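The chain contents come next:
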Amino acid sequence: MSAGAREPNGPRVAVVLGSGSVKCAAALGLLKVLQREGIGVDMVVGCSGGSLYAALIALGHDVATAEAMTRRLWTRELTSRRNHRSFLSVFLPGVFGFDESFGMVNDRLILERLKSAFGEATFEKARIPLYLTATDFHTGEQVVFESGSIVDAVRASIAIPYVFRPWPVGGRMLVDGFMSDPMPVGVAIRQGANIIVTMGFESPYQQKINSPIRFAFQLSSITSNNLLKANFSFHNLAHHAEILPILPEFKESIHLFDTDKIPYVIEEGERAAERQIPYLRRLLSGA
Amino acid sequence: MEITTEQRGTVTVISIAGSVDGMTAASLIGSFRAQVTGGNIRIVGDFARVEYTSSAGLRALLETVKETRQQGGDLRLAGVQPDVLRVLELSGFTHILKLFPDIESAVASFPA
Amino acid sequence: MIGSGSIKCASALGLLRVLRRERIPVHLAVGCSAGGIYASALALGWDLETLERKSYEAWQGLFARLDYLGLLQILLPGLFRPSAPAGLLAEKRLNAALRAFYGEATFEDAKIPLHLVATDLKTGESVILSEGRLFDAVRASVAIPVLLRPWTVGGRLLFDGGASDPLPVSVAIREGYDIILAMGFENPLNERLGSLMSLISQTTCITMNNLLKSTYSFYSAAHHAEIVPILPTFDRHIGLRDSSLHPYIIERGEEAAAKQLPFLRRLLAG
């Protein structure tokens with residue numbers, strides 16, 4: 001997706017993809033619609049699940065390839081192998097040394113798959129500016145990646161708390177971007193984007209809270225969902241131009257690894273994107 | 001976007017039809033401001049025929065909310081449609097504005 | 001309006017001292033987490049000396065027994081590194097202290113409108129409590145995640161309001177209040193993580209701190225008038241080992257409030 005022949009101070013269109021695991025595939029539906037309308041994207045920002053798609057889009061993959069890559073990458077097997085040391089450290093912290101590198105799932109497989117998807121690709125290889133966000137685990141601050149290895153940045157951005165261990169990059173311990181900003185519109189604003197198209201999803205709530213880990217996940221969802229809303233509200237008021245939220249509606253529940261539902265998710269993404277097209281067209285022609 | 005105005009006692013009802021967005025914001029603020037300057041600071045925005053609103057449109061609305069409140073009045077919304085309500089919720093506006101199902105209840109909400 | 005922050009909220013008493021001294025009337029009180037304790041005390045209209053004394057006794061009484069470490073873990077999760085949940089015994093003591101503080105007082109006993117904010121554990125929504133027994137509302141609002149059990153009010157399981165609306169000024173904004181004094185603090189983050197509980201606490205606090213900042217930014221931009229931030233700074237680590245720090249905390253609150261006085265006076269005059 002090229003920047004297109006556009007005047008230097010014409011509208012800059014940014015796409016911001018926030019958290020949501022499999023639902024983030026709806027971004028491909030958005031991409032389809034934008035391509036069909038001949039609307040170029042000048043910048044992509046990604047966080048958590050969205051970082052995967054942001055990277056794929058920025059690297060110039062077409063929708064079909066991106067879809068196939070996601071289905072190969074994101075499967076249930078990713079969480080099938082436990083990280084035994086972490087489990088043992090919960091019960092015997094003195095012996096097994098509980099520390100910040102706790103993560104219930106062995107992350108070797110996710111790392112392998114990210115490497116096979118992105119290889120040695122760096123931000124510099126992206127066709128349009130790409131920004132991926134994570135969170136510094138010690139300070140709670142947002143960390144923005146705009147250079148270096150894409151694998152490192154994506155791995156940091158999707159370091160789901162409790163599940164995957166934090167990822168060290170440049171001397172900092174990084175965790176999932178959604179803890180500091182689930183849908184980083186602020187990054188797009190700071191980079192001078194005019195029209196910002198967003199897509200992000202709330203984290204699911206637990207049906208029953210009957211174990212400490214479910215309680216931990218529930219807390220995580222509650223706080224990050226409220227943060228998602230608060231940040232969107234604020235960015236709405238702080239921006240000088242337009243923020244267009246793309247809001248797919250899913251009639252069935254989409255769980256963490258429902259990759260077979262990706263075609264449906266993409267369809268709903270397309271449908272939701274269509275709703276913003278009339279106004280987006282007016283903005284681009286009138287501005 | 002079309003705007004019509006009606007006076008009900010001490011409350012001014014401004015009915016809007018169409019889209020409240022970055023392009024219509026200027027004329028919207030203009031209409032609202034004309035009322036406020038004229039001393040009408042109790043305003044009900046009738047949103048029954050507003051089909052779309054954008055972030056820039058919301059910011060314009062907020063300008064009027066602030067101006068009326070600074071003078072002891074308020075801007076309250078009536079009859080917001082589901083799609084538009086969703087955007088108001090997403091952007092936190094339902095926290096800072098008073099919304100009513102219809103014009104009558106919105107008008108009645110202002111103290112006598 | 002007093003946001004989250006456990007014992008540092010005692011600096012709200014410092015704010016109160018300043019307000020009373022300057023004869024600045026308060027028309028609405030909103031509280032969240034431990035801030036709810038002080039917001040409700042403010043609304044109940046207890047005289048300052050009673051308030052300071054009760055506050056001091058409540059915090060001190062909590063530490064009179066042998067396993068005070070358990071209580072410290074409840075009240076300042078960020079500063080202490082619990083290796084296990086504080087347990088029912090410590091929680092019972094907190095409940096007893098709160099009951100002693102409020103007795104059977106209800107929202108109706110408040111001299112000015114009072115709202116306390118908690119979070120629904122099932123839906124994540126922010127819940128505004130404005131009626132019934134104060135003890136129940138405060139206990140729900142102050143239920144720090146992980147270390148205090150959620151509390152049932154009106155059939156809903158509720159916990160710390162700081163997880164959904166840490167600076168609950170929306171009520172004040174919707175009701176048209178001009179000047180809003182907002183006192184808020186971030187949860188301090190752990191330096192070392194030695195247990196699952198501290199990990200959960202750290203993870204939760206990171207997001208909650210970001211939520212506090214974001215909330216403040218939004219309301220600042222949305223409000224038609226002024227949100228005056230009262231942000232006490234503490235140049236020493238606030239532990240609860242000796243409650244003789246209590247006067248110091250109140251002082252810092254007083255100082256932070258005093259800093260905003262000139263601006264506040266101009267606002268009230270104009």
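Cut-offs applied
- Residues numbered from 1 in each chain as written.
- Chains lettered and ligands numbered in written order.
- Predicted model: local features only at pLDDT ≥ 70, side-chain atom pairs only at ≥ 80, totals over all residues.
- Helix = DSSP H or I, 4+ residues; strand = E, 2+ residues; numbered from the N terminus.
- Rg over C-alpha atoms; globule rule 2.2 N^0.38 Å.
- Buried ≥ 20, exposed ≤ 12 C-beta atoms within 10 Å, placed from the backbone.
- Contact = placed C-beta atoms within 7 Å.
- Pairing = 2+ DSSP bridges.
- Nonpolar A, V, L, I, M, F, W, Y, C, P; charged D, E, K, R; others polar.
- Axes fitted to C-alpha atoms, helices over the stretch in contact; angles between N-to-C directions.
- Expected span 1.5 Å × (residues − 1).
- Core = buried A, V, L, I, M, F, W, Y, C linked by C-beta atoms within 7 Å.
- Parallel < 35°, antiparallel > 145°, perpendicular 65-115°, else oblique.
- Left-handed = near helix turned anticlockwise from the far one by under 90°.
- Right-handed = clockwise from strand over helix to strand, strands pointing away.
- pLDDT = per-residue confidence, 0-100.

Trainee: What is the right way to read the overall build of chain A from this model?
Mentor: The helix and strand inventory of chain A stands at 10 helices and 8 strands. Compactness check: chain A gives a C-alpha radius of gyration of 19 Å against a globular reference of 19 Å for 287 residues, within 12% of the reference. Projected onto its principal axes, the C-alpha coordinates of chain A cover approximately 65 × 40 × 35 Å. Out of the 287 residues belonging to chain A, those deemed buried represent 52%.

Trainee: Would you mind going over the overall build of chain C with me for this structure?
Mentor: Secondary structure assignment for chain C yields 9 helices and 7 strands. Within chain C, the fraction of its 270 residues that count as buried is 53%. Sequence separation of at least 24 residues holds for 75% of the intrachain contacts in chain C that already meet a minimum separation of 6.

Trainee: Help me understand the pairing of strand β3 (residues 126–129) of chain C, please; the structure alone is not making it clear to me.
Mentor: Consecutive side chains of a regular strand alternate in pointing toward one face of the sheet and then the other. Residue and element names in this part refer to chain C. When strand β2 (residues 114–120) meets β3, the two strands line up antiparallel, connected through 4 bridges. Opposite T119, over in β3, you have S126 as the bridge partner. Between the end of β2 and the start of β3, which pair antiparallel, lie 5 residues, with G124 showing a positive phi angle near 80°.

Trainee: Teacher, can you tell me more about the interface of chain A and chain C here?
Mentor: By convention, interface size is frequently given as the accessible area that disappears when the constituent parts associate. At the junction of the two partners, chain A supplies 30 residues and chain C supplies 30 residues. Of the residues forming the side of chain A that touches chain C, the biggest block, 17 residues, is contributed by helix α9 (residues 212–238) of chain A. Broken down by class, the residue content of the side of chain A that touches chain C amounts to 15 nonpolar, 13 polar and 2 charged.

Trainee: Looking at this structure, I do not really get the sheet that holds strand β3 (residues 42–53) of chain B. What am I missing?
Mentor: Note: strands within a sheet are paired through backbone hydrogen bonds, in either parallel or antiparallel orientation. Residue and element names in this part refer to chain B. Pairing is mixed across the open sheet formed by 5 strands, whose spatial order is β1-β2-β3-β4-β5. Where the open sheet ends on each side, the last strands, each with one partner, are β1 (2–8) and β5 (99–100). Inspection of the sheet shows β3 paired to strand β4 (residues 74–78) by 5 bridges, in the parallel sense. Counted as the bridge partner of R42 is D74 from β4. Across the sheet, helix α1 (residues 25–37) is in contact with β1, β2 (11–20) and β3; its angle to β2 comes to roughly 175°. The strands touched by helix α2 (residues 55–70) are β2, β3 and β4; relative to β4, the strand with the most contacts, the crossing angle is about 135°.

Trainee: Looking at this structure, how should I read the interface of chain B and chain A?
Mentor: Contacts between the two partners involve 12 residues from chain B and, on the opposite side, 15 residues from chain A. The element that contributes the greatest number of residues to the side of chain B that touches chain A is α2 of chain B, accounting for 4 residues. Along the lines of polarity and charge, the residues of the side of chain B that touches chain A split into 5 nonpolar, 5 polar and 2 charged.

Trainee: What exactly am I supposed to notice about helix α1 (residues 26–36) of chain A here?
Mentor: All names here are of chain A. Counted residue by residue, α1 has 8 buried out of 11 residues, so it is predominantly covered. Burial in α1 covers these residues: A26, A27, L28, G29, L30, L31, V33 and L34. Residues of α1 that are buried sit in contact with β1 (13–17), α2 (49–58), α3 (63–73), β7 (195–199) and α10 (262–286). Residue G38 follows α1 closely and has a positive phi angle near 70°.

Trainee: Can you walk me through α1 of chain B in this structure?
Mentor: An α-helical segment advances 3.6 residues per turn. Residues three or four places apart therefore align on the same side. With 13 residues, α1 of chain B extends 18 Å between its outermost C-alpha atoms, agreeing within 8% with the 18 Å of an ideal straight helix rising 1.5 Å per residue. Along its buried surface, α1 of chain B packs onto β2, β3 and α2 of chain B.

Trainee: Would you explain unusual backbone geometry in this entry?
Mentor: Phi is mostly negative for residues that are not glycine, and the peptide bonds are mostly trans. Positive phi, close to 45°, is recorded for S21 of chain A, a residue that is not glycine. Note on placement: S21 of chain A falls in the loop between β1 and α1.

Trainee: What is the right way to read the nonpolar core from this model?
Mentor: The nonpolar side chains of soluble globular proteins are, as a tendency, buried together. A27, L30, Y53, A54, A55 and A188 of chain A are the most contacted members of the largest nonpolar core, which has 175 residues in total. In terms of residues, this core owes the most to one element, helix α8 (residues 196–222) of chain C, which gives 13 residues.

Trainee: What exactly am I supposed to notice about the packing of α9 of chain A against α8 of chain C here?
Mentor: Each pair of packed helices can be summarised by the angle the axes make with each other and by the distance between the axes. One can describe the packing of α9 of chain A onto α8 of chain C by two numbers: an axis separation of 8 Å at closest approach and a directional angle of 25°. Our classification of the angle between α9 of chain A and α8 of chain C gives roughly parallel. The two elements α9 of chain A and α8 of chain C cross, and the hand of that crossing is left-handed. Across the contact of α9 of chain A with α8 of chain C, the residue classes tally to 13 nonpolar, 13 polar and no charged.

Trainee: Would you take a moment to explain the packing of α1 of chain A against α3 of chain A for this structure?
Mentor: All names here are of chain A. In contact at an axis separation of 10 Å, α1 and α3 are set at 175° when each is read in the N-to-C sense. In this view, α1 runs roughly antiparallel relative to α3, as classed from their interaxial angle. Residues L28, L31 and K32 of α1 pack against V63, A66 and E67 of α3. Classifying every residue of the contact of α1 with α3 by side-chain character gives 4 nonpolar, no polar and 2 charged.

Trainee: Where do I start with the pairing of β1 of chain A in this structure?
Mentor: Residue and element names in this part refer to chain A. Most of β1 is tucked away: 5 of the 5 residues are buried. As paired elements, β1 and β7 share 5 bridges and run parallel to each other. Pairing of V15 across the sheet is with V197, part of β7. Of the strand pairs in this sheet, β1 and strand β2 (residues 43–47) are connected by 4 bridges, and their pairing is parallel. Paired with V16 across the two strands is V45, which belongs to β2. Read as a crossover between parallel neighbours, the route from β1 over α1 to β2 is right-handed.

Trainee: Which parts of the structure should I look at to understand the confidence of the model for chain A?
Mentor: In regions of low pLDDT, the predicted coordinates are not meant to be interpreted in detail. Per-chain confidence: chain A averages 90 in pLDDT, with 95% of residues scoring 70 or above. Note on residues 1–8 of chain A: pLDDT is under 50 here. Beyond four places in sequence and across chains, it has 14 contacts.

Trainee: Quick question: what am I supposed to make of the environment of F47 of chain B here?
Mentor: Residue and element names in this part refer to chain B. Mapped onto the fold, F47 is located in strand β3. By C-beta crowding, F47 is classed as buried, having 25 other C-beta atoms within 10 Å. Note: C-alpha distance between F47 and A17 (30 residues apart in sequence) is 7.4 Å. Non-local contacts of F47, meaning those with residues more than four positions away in its chain, are made with I16, L77, A78, G79, V80, Q81 and V84.

Trainee: Sorry, what's going on with the environment of E77 of chain A here?
Mentor: Here E77 of chain A shows up in the loop between α3 and α4 (84–91). Here the alpha-carbon distance between E77 of chain A and G38 of chain A, two residues 39 residues apart in the chain, equals 38 Å.

Trainee: So what exactly am I meant to see when it comes to the confidence of the model for chain C here?
Mentor: Residues and elements named next belong to chain C. Mean pLDDT over chain C stands at 73; residues scoring 70 or higher make up 67%. Across residues 63–88 the pLDDT falls below 50, and counting only partners more than four positions away or on other chains, this stretch makes 59 contacts in the model. Counting interchain partners and residues more than four positions distant, the pLDDT-below-50 stretch residues 236–242 has 9 contacts. The ipTM, which scores confidence in the relative placement of chains, is 0.89 for this predicted complex, and the corresponding pTM is 0.84.

Trainee: Would you take a moment to explain the environment of F32 of chain B for this structure?
Mentor: All names here are of chain B. Checked against the element boundaries, F32 lands in helix α1. What makes F32 buried here is the crowd of 26 C-beta atoms within 10 Å. The spatial distance from the C-alpha of F32 to the C-alpha of I43 is 8.5 Å, given a sequence separation of 11 residues. With sequence-adjacent residues up to four places away left out, F32 is seen in contact with I14, I43 and T64.

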